Amino acid sequence: MLEIVGLRARVGGKEILRGVDLTVRAGEVHAIMGPNGSGKSTLAGVLAGRETYEVAGGTVTLDGKDLLGLAPEERSWAGVFLGFQYPVEIPGVTNATFLRAALNARRRRRGEPELDAVDFLALVRRKMKALEMDEAFLHRSLNEGFSGGEKKRNEILQMTLLEPRLALLDETDSGLDIDALRVVAGGVNALRAPDRAIVLVTHYQRLLDYVAPDRVHVLSQGRIVLSGGPELAKELEKKGYGWLQTAGTAGAPARS
Amino acid sequence: MSDAPPRTRDDETLAQATSGEYRWGFVTDIESESPPRGHSEGVVRYVSHKKEEPDWLLDWRLKAYRHWLTMKEPTWPKVTYPPIDYAGIFYYAAPKGTSGKPKSLDEVDPELLKTYEKLGIPLKERAALAGVAVDAVFDSVSVATSYKSKLAELGIVFCSFSEAVREHGDLVRRWLGSVVPSTDNYFATLNSAFFSDGSFVYVPKGVRCPMELSTYFRINAAETGQFERTLIVADEGAYVSYLEGCTAPKRDENQLHAAVVELVALDGAEIKYSTVQNWYPGDKDGRGGIYNFVTKRGACRGRRSKISWTQVETGSAITWKYPSCILQGDESVGEFYSVALANHRQQADTGTKMVHVGRNTRSTIVSKGISAGHGQNTYRGLVRVLKGAEGARNYTQCDSLLMGDRCGAHTFPYVEVRNPTARVEHEASTSKIGEDQIFYCNQRGIPAEDAVNMIVNGFCKEVFRELPMEFAVEAQKLLAVSLEGSVG
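Residue numbers here run from 1 along each chain, matching the order of that chain's written sequence. Lettering for chains starts from A, numbering for ligands starts from 1, and both go in the order in which the items are written. pLDDT decides what is reported in this predicted model: residues at 70 or higher carry local features, side-chain atom pairs at 80 or more are listed and counted, and totals for whole chains, interfaces and linings draw on all residues regardless. Working from all heavy atoms in the structure, the side-chain values ignore hydrogens and water.

**Student:** So what exactly am I meant to see when it comes to the overall build of chain B here?
**Tutor:** The number of helices and strands found in chain B is 12 helices and 19 strands. Taken across its 488 residues, chain B has 58% of its residues classed as buried. Long-range contacts, defined as pairs at least 24 residues apart, comprise 84% of the intrachain contacts of chain B with a sequence gap of at least 6. For chain B, the computed accessible surface area is about 20,000 Å², with 51% contributed by carbon and sulfur atoms. What counts as a helix is a DSSP run of H or I of at least four residues, what counts as a strand is a run of E of at least two, and both are numbered from the N terminus. Accessible area is worked out with a 1.4 Å probe on protein chains only. A residue is then buried under 20% of its type maximum, exposed over 50%, and partly exposed in between. Whether two residues are in contact is decided by their heavy atoms: any pair within 4.5 Å suffices. Exposure was quantified through the Shrake-Rupley algorithm and a 1.4 Å probe, taking into account, for residues, occlusion by the shown protein chains and nothing else.

Printed below as a string of structure tokens:
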């Protein structure tokens, strides 16, 4: 479903991704792990179309269609969802207004009728309940004054509303206490479906205790240096990333 | 001798239809010519004579004119414009003829028509707004008439200023200049000498005006000219909500607009004055556009009276305007809610003055400035608490939103407190619509322009909710149209 081949990307002239290859099939959950600065967030950003990243080579296709040529909103319409590491605050715009705008932008695109306020509320309330979110969230300005955990829950809420084909969750587990982590993981698990792919970008193994991945990849210095099953995450948890610097270099080109 | 275009038969028909005189069978000497360009006592007399004004009003105008000659144009506003050639202006534009006007919509700038369409203005009204002669204007006569009789039953006077001078001279004489004296400031004084027309409202004791009063319904509003004068008096316990302007960009040949608005609220009275201003802002490079130099002031004369200004200012090349409240009555309340937009090369220097005179007077100021393109937006506000204003309170919130990095936002809050029991609060913020906000919206499938509209509407929410419902909806659309092309 998602096919990344030889993806290279730069930020301010500096090459961060140096040839990433990755295939994710529908129905799968993949985890991308790696030390800080390995390019995990850059990968998520490039897939979503963030302009600060300059694509320098390679291809990305979703269901066989080129993704890199599309504007961010077009990727969204195609089914790409990015759960932000740092969700953005928009003062004065209530969560409800934002969620409805996002939902209706998609429905318009698909030629479906827009949801009116009543139908929207019924839908969003149902979803919020599952995430143990208070309804008061709807009437607060988007992410403004939200705690870290509230922001992340809000990202998951948006994901469940938008029902993406490909969900990229960038460090969604960071800054969560154990209860919030459990709720967020529950949200992700609920979205696992045969026609959907989920990519978890994470530094820690913690989230993977709750969301069992089908595949785990280690990103280091802009390349995927190791791939394996769920056991790889456990190993990383035990040994950290340091050992990769030596063990992982066996098949990888030397670093300067 | 005159530089004015010769008048034709059509001009007269239109002049009659639009001056309000037609309905009342009032005949004037429409054959005579307009005065030449430039100002003089002769021109003041001419204007007054054309309007068949009583002597007291002529004297009032003359006094203003003589004073104006001694005044200097203010230079303190944070705006720049080439010198205005006061000798080159026509000070009395008689109801305009069809000569300079488009004959049909086919002759109107297609860009303007596109804007009307986006704003959802009905077809027949578009023609009138674009300055096309006749039809639509006639259409509204019946609307205006039925509206007026309903008000008359309640004793409410709502008419053009000229008509008020004729029919309600005593009321006009009593209140004219009582809030903005004829010698107040350069532009107000100019207006006092040459004011063309405007609106007059009087709401009698204890009467609550059952509908929003709007100039939109008044057929002669189309020809009020560049020196508009509005006077609204709410007698004891009265209430009135007045809507000024229209969201459609008006076509106008006059570059300088110096209007005066005076409000008087007596004991327990309340006046709500809402403005949507969308005069021609000039093109993207700042050519053309209206200079909107307005003096608006309300006096809360009575105990527990209230005056509330709400404005959405998106038009004009230059805006210079500070709707103010003089809180004289004990426990009187003044409010100012403002959204001012400066896009492209627009410049806005706007804000308010709250002068606390009476005891336990309260004022609220909420100002939202939006700058985009090369726009320069200045908030200038004065909160003055006089010695006797025991227990006065003010809350000021002043927010600026920037789009792009070539525009500017400036804030000049002045606070003068002479009573130690006063409480004055000021909050200010400046934010920028960030790439990250836009990207976040894009990622959720919301295109950039929709995202900007949503963010801007969120920013302006506290002001929009003060507007009457249908005005609020129009104002939102208007902002969207005014900001088009300012992203991406």
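**Student:** I tried to follow the interface of chain B and chain A on my own but got confused; where do I start?
**Tutor:** How big an interface is tends to be stated in terms of the accessible area lost upon association of its parts. Tallying the contact residues gives 17 residues for chain B and 32 residues for chain A. Defined here as a combined quantity, buried area equals the accessible surface (1.4 Å probe) lost by two parts on assembly, summed across both. Note on chain B versus chain A: buried area summed over both sides is about 1,900 Å², and carbon and sulfur give 64% of it. It is F439, Y440 and R444 of chain B in chain B that bury the most area against chain A; as a group they hold 39% of the surface buried on that side. A pairing counts as a salt bridge when a side-chain nitrogen of Lys or Arg comes within 4 Å of a carboxyl oxygen of Asp or Glu. At the boundary of chain B with chain A, the tally comes to 2 salt bridges. A salt bridge links E155 of chain A to R444 of chain B; its shortest N-O distance comes to 2.6 Å. What qualifies as a polar contact is a pair of N or O atoms within 3.5 Å, subject to a donor-acceptor requirement within protein and to the restriction that residues adjacent in sequence count only when both atoms come from side chains. If you look at where chain B meets chain A, you find 13 residue pairs in polar contact (both at pLDDT 80 or more).

**Student:** Just checking my understanding: could you explain helix α7 (residues 230-239) of chain A for this structure?
**Tutor:** An α-helical turn contains 3.6 residues, so any two residues separated by three or four positions project in the same direction. All names here are of chain A. Turning to α7, its buried residues number three or more, namely L232, A233 and L236. Looking down the long axis of α7, one finds its buried residues gathered within 100 degrees of arc, a one-sided arrangement. The exposed residues of α7 that point more than 90 degrees off its buried face are E231 and K238. In the stretch just after α7, G240 is the one whose phi turns positive, near 75 degrees. Taken from the helix axis, the directions to the C-beta atoms give the arc we talk about.

**Student:** Teacher, can you tell me more about the sheet that holds strand β2 (residues 14-24) of chain A here?
**Tutor:** The strands making up a sheet associate through hydrogen bonds between their backbones, and the pairing can be parallel or antiparallel. Residues and elements named next belong to chain A. The strand order β2-β1-β4-β5 describes an open sheet built from 4 strands, whose pairing is antiparallel. Two strands lie at the open edges of the sheet, namely β2 and β5 (65-66), each paired on one side alone. By the convention used here, strands pair only if DSSP detects at least 2 bridges between them. Of the pairings in the sheet, the one linking strand β4 (residues 54-62) to β5 comprises 2 bridges and is antiparallel in character. If you follow L62 over to β5, its bridge partner there is K65. Packed on one face of the sheet, helix α1 (residues 40-48) meets β1 (2-11), β2 and β4 and runs near 110 degrees to β1. Working convention: axes come from line fits to C-alpha atoms, limited for helices to the stretch in contact. Angles between N-to-C directions cover 0 to 180 degrees.

**Student:** How do you make sense of the sheet that holds strand β10 (residues 197-202) of chain A when you look at a structure like this?
**Tutor:** Residues and elements named next belong to chain A. Strands sit in the order β6-β9-β10-β3-β11-β12 across an open sheet of 6 strands; the sheet is mixed. The sheet terminates laterally at β6 (80-83) and β12 (223-228), the two strands that pair on one side only. With direction set aside, neighbouring strand axes in the sheet form an average angle of 20 degrees. Here strand β3 (residues 29-33) runs beside β10; their pairing, made up of 5 bridges, is parallel. Each bridged residue has a counterpart across the sheet, and for A31 the counterpart in β10 is L200.

**Student:** How should I be thinking about the side chain of D173 of chain A in this particular structure?
**Tutor:** All names here are of chain A. Within the secondary structure, D173 is located in the loop between β9 (166-170) and α6 (178-191). When charges are counted, neither His nor the chain ends are considered; positive counts come from Lys and Arg and negative counts from Asp and Glu. One buried charged side chain, D173, makes no salt bridge at all; its nearest oppositely charged neighbour is R206, positioned 5.1 Å away. Within polar-contact distance, the side chain of D173 engages the side chain of T202 at 2.7 Å. Apart from the residues within four sequence positions on either side, D173 is in contact with L181, T202, Y204, R206 and L207.

**Student:** Just to check I follow, could you spell out a nonpolar patch on the surface for this structure?
**Tutor:** Like-charged residues within 9 Å of one another, or nonpolar side chains (Val, Leu, Ile, Met, Phe, Trp, Tyr) within 5 Å, are grouped into patches, provided each residue has over 30% relative accessible area and no salt bridge. Where nonpolar side chains cluster on the molecular surface, the patch consists of V415, V417 and V424 of chain B and spans about 210 Å² of accessible area. Structurally, V424 of chain B can be placed in strand β19 (residues 423-432).

**Student:** I tried to follow the nonpolar core on my own but got confused; where do I start?
**Tutor:** Side chains of nonpolar character tend, in soluble globular proteins, to be buried together. If you look at the biggest cluster of nonpolar residues, it comprises 112 residues, and the most contacted ones within it are I4, L166 and L200 of chain A together with I370 and V456 of chain B. If we ignore the near neighbours within four places in the chain, the residues touching I4 of chain A are V20, D21, L22, L43, L47, T59 and V60 of chain A. Of all hydrophobic cores here, the second largest spans 51 residues; its members include W56, L58, Y91 and L266 of chain B. The set of buried Ala, Val, Leu, Ile, Met, Phe, Trp, Tyr and Cys residues whose side-chain atoms join them within 4.5 Å is what this entry labels a nonpolar core.

**Student:** Would you take a moment to explain the pairing of strand β5 (residues 239-245) of chain B for this structure?
**Tutor:** Two faces, one strand: in a regular strand the side chains alternate between the faces of the sheet. Residue and element names in this part refer to chain B. With 6 of 7 residues buried, β5 is to be regarded as a mostly interior element. In this structure, strand β3 (residues 213-214) lies alongside β5, joined through 2 bridges in parallel fashion. Opposite S214, over in β5, you have L243 as the bridge partner. Bridge count between β5 and strand β8 (residues 270-277): 7 bridges; the pairing is parallel.

**Student:** I tried to follow the packing of helix α4 (residues 117-130) of chain A against helix α5 (residues 148-162) of chain A on my own but got confused; where do I start?
**Tutor:** A pair of packed helices can be characterised by two numbers: the angle between their axes and the separation between those axes. All names here are of chain A. Between α4 and α5, the shortest axis-to-axis distance is 10 Å and the interhelical angle comes to 130 degrees. One element, α4, and the other, α5, form an angle in the oblique class. Handedness of the α4/α5 crossing: right-handed. The segment α4 lies against α5, with L123, V124, K127 and M128 engaging L157, T160 and L161. Here the term charged refers only to Asp, Glu, Lys and Arg, the term nonpolar to Ala, Val, Leu, Ile, Met, Phe, Trp, Tyr, Cys and Pro, and the term polar to all other amino acids, Gly among them. When grouped by side-chain class, the residues that make up the contact of α4 with α5 number 5 nonpolar, 1 polar and 1 charged. Should an angle fall under 35 degrees it is taken as roughly parallel, and over 145 as roughly antiparallel, whereas 65 to 115 is taken as roughly perpendicular and any remaining angle as oblique. Crossings are sorted by hand: turned counterclockwise from the far helix by less than a right angle, the near helix makes the crossing left-handed, and turned clockwise it makes it right-handed.

**Student:** I'm lost on the packing of aromatic side chains in this one. Help?
**Tutor:** All names here are of chain B. In this scheme Phe, Tyr and Trp rings, the latter by its six-membered ring, pair at centre separations within 6.5 Å, and the angle between planes marks the pair as stacked below 30 degrees, edge-to-face above 60, and tilted otherwise. Taken as a whole, this structure holds 26 aromatic pairs over all chains when the rule is applied. Seen in terms of ring centroids, W68 and Y86 are 5.6 Å apart; in terms of plane orientation they differ by 70 degrees. Their pairing is edge-to-face. Separated by 18 residues along the polypeptide, W68 in helix α3 (residues 55-69) and Y86 in the loop between α3 and α4 (110-119) bring together distant segments of the chain. The pair W68 / Y86 is uniform in exposure class, with both members buried. Overall, W68 belongs to the buried group, its relative accessible area being 4%. Any Lys NZ or Arg CZ that is within 6 Å of a ring centre and within 35 degrees of that ring's normal is treated as a charge sitting over the ring. Its end group placed over the ring of Y239, R208 keeps NZ or CZ at 4.1 Å from the ring centre.

**Student:** Help me understand α3 of chain B in this model?
**Tutor:** All names here are of chain B. Multiplying one less than the number of residues by 1.5 Å gives the expected span of a helix. Taking 1.5 Å per residue, 15 residues should reach 21 Å; α3 reaches 21 Å between its end C-alpha atoms and fits that length. Among all positions in α3, only W56, L57, L58, W60, R61, L62, A64, Y65 and W68 are buried. Taken together, the buried residues of α3 touch α2 (41-50), α7 (161-167), α8 (169-175), α9 (186-194) and β4 (228-234).

**Student:** Explain the state of the cysteines here, please?
**Tutor:** Covalent bonding between the sulfur atoms of two cysteines defines a disulfide. Residues and elements named next belong to chain B. Put simply, a disulfide is two cysteine sulfurs that come within 2.5 Å. Taken as a whole, this structure holds 0 disulfides over all chains when the rule is applied. As a non-bridged cysteine, C209 has C159 as the owner of its nearest cysteine sulfur, 13 Å distant. Take C441: it sits in no disulfide, and the sulfur closest to it among the cysteines is that of C460, at 16 Å. Residue classification places C441 among the buried residues on the basis of a relative accessible area of 0%.

**Student:** What am I meant to see in the pairing of strand β13 (residues 333-342) of chain B here?
**Tutor:** Residues and elements named next belong to chain B. Of all 10 residues in β13, 10 are buried; the element is thus mostly enclosed. Residues V333, E335, Y337, V339 and L341 of β13 are buried on one face, and the alternating residues G334, F336, S338, A340 and A342, pointing to the opposite face, are buried as well. Note: strand β10 (residues 306-313) against β13, 8 bridges, orientation parallel. Considered in β13, the bridge of Q311 is made with S338. As defined by bridge partners, β13 adjoins strand β15 (residues 362-371) across 10 bridges and the pair is classed as parallel. By the bridge assignment for β15, G334 is matched with S363.

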